[in-house]
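Each chain, letter by letter, is given below.
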Amino acid sequence: MKAVIQRVSEASVTVAGDKISSIETGLLILIGIEESDNQDDISWLSNKISRLRIFNDNHGVMNESIQDIDGEIIVVSQFTLQASTKKGNRPSYIKAAKPEIAIPMYEKFIRQLEIDIGKKVGTGKFGADMKVALLNDGPVTILIDTKNKV
């Protein structure tokens, strides 16, 4: 699994003109699932994100997690994170999981993250044409790939 984690002051997801998720202070997470991902990837990534200390403490130092600040999260599935650009100029998405694998993994990841942070997580709509708006705070953007745990 690959994740782009962005610290935001606000974020929202709109589908067909309807705002389906919105948050204020928290994280916007873009998640790319590949065929070989499994429950271990879900558990590890959710644990890492829920404890990632990227919010400022009282001294302006990034020392607090999403849990510490009682922040909110939106998770958006984005298969393009699995793009390979090694050959030619047209990205290949061969490593991206097919919907029959990706949808259940996406849903399991959301449920695990809700357990780990103790609150509901906003989402996009899998496979939909989404408009994602955000005000990146910092800016702070972190890339995590579960294939690079060590």
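Use the structure listed above.
Residues numbered from 1 in each chain as written. Predicted model: local features only at pLDDT ≥ 70, side-chain atom pairs only at ≥ 80, totals over all residues. Heavy atoms only, no water.

## Quick notes on the pairing of strand 6 (residues 72-77)
Remark: a regular strand shows side chains that alternate across the two faces of the sheet.
Reasoning step 1: For strand 6, a buried count of five out of six residues is recorded, marking the element as mostly surrounded by other parts of the structure.
Reasoning step 2: Pairing between strand 3 (residues 26-32) and strand 6: six bridges, direction parallel. From the neighbouring strand, Ile-29 faces strand 6, where its bridge partner is Val-75.
Reasoning step 3: Sheet analysis places strand 6 next to strand 7 (residues 122-123), joined by two bridges and oriented parallel. Directly across from Val-75, in strand 7, lies its bridge partner Thr-123.
Reasoning step 4: A crossover links strand 6 with its parallel partner strand 7, the connecting element being helix 2 (residues 99-117), and its sense is right-handed. (Buried < 20%, exposed > 50% of the residue type's maximum accessible area, 1.4 Å probe, protein only. Helix = DSSP H or I, 4+ residues; strand = E, 2+ residues; numbered from the N terminus. Pairing = 2+ DSSP bridges. Right-handed = clockwise from strand over helix to strand, strands pointing away.)

## A closer look at the layout of surface pockets
Taking a probe equal in size to a water molecule and rolling it over the atoms shows the remaining empty space.
Reasoning step 1: Here the largest pocket defines a volume of roughly 400 Å³.
Reasoning step 2: Taken together, 23 residues line the largest pocket, and the ones lying closest to its centre are Ser-77, Gln-78, Phe-79, Gly-127 and Met-130.
Reasoning step 3: Sorting the residues of the lining of the largest pocket by element identifies strand 3, strand 6, helix 2 and strand 8 (130-145) as the ones contributing at least two each.
Reasoning step 4: Examining the composition of the lining of the largest pocket, we find that four residues originate from one element, strand 3, more than from any other.
Reasoning step 5: Considering only residue class, the lining of the largest pocket consists of 16 nonpolar, five polar and two charged. (1 Å grid on protein atoms, 1.4 Å probe; cavity = no way out; pocket = protein on both sides within 12 Å on 5 of 7 lines; lining within 4 Å. Points joined across faces, edges and corners; volume = space filled by probe spheres on them. Nonpolar A, V, L, I, M, F, W, Y, C, P; charged D, E, K, R; others polar.)

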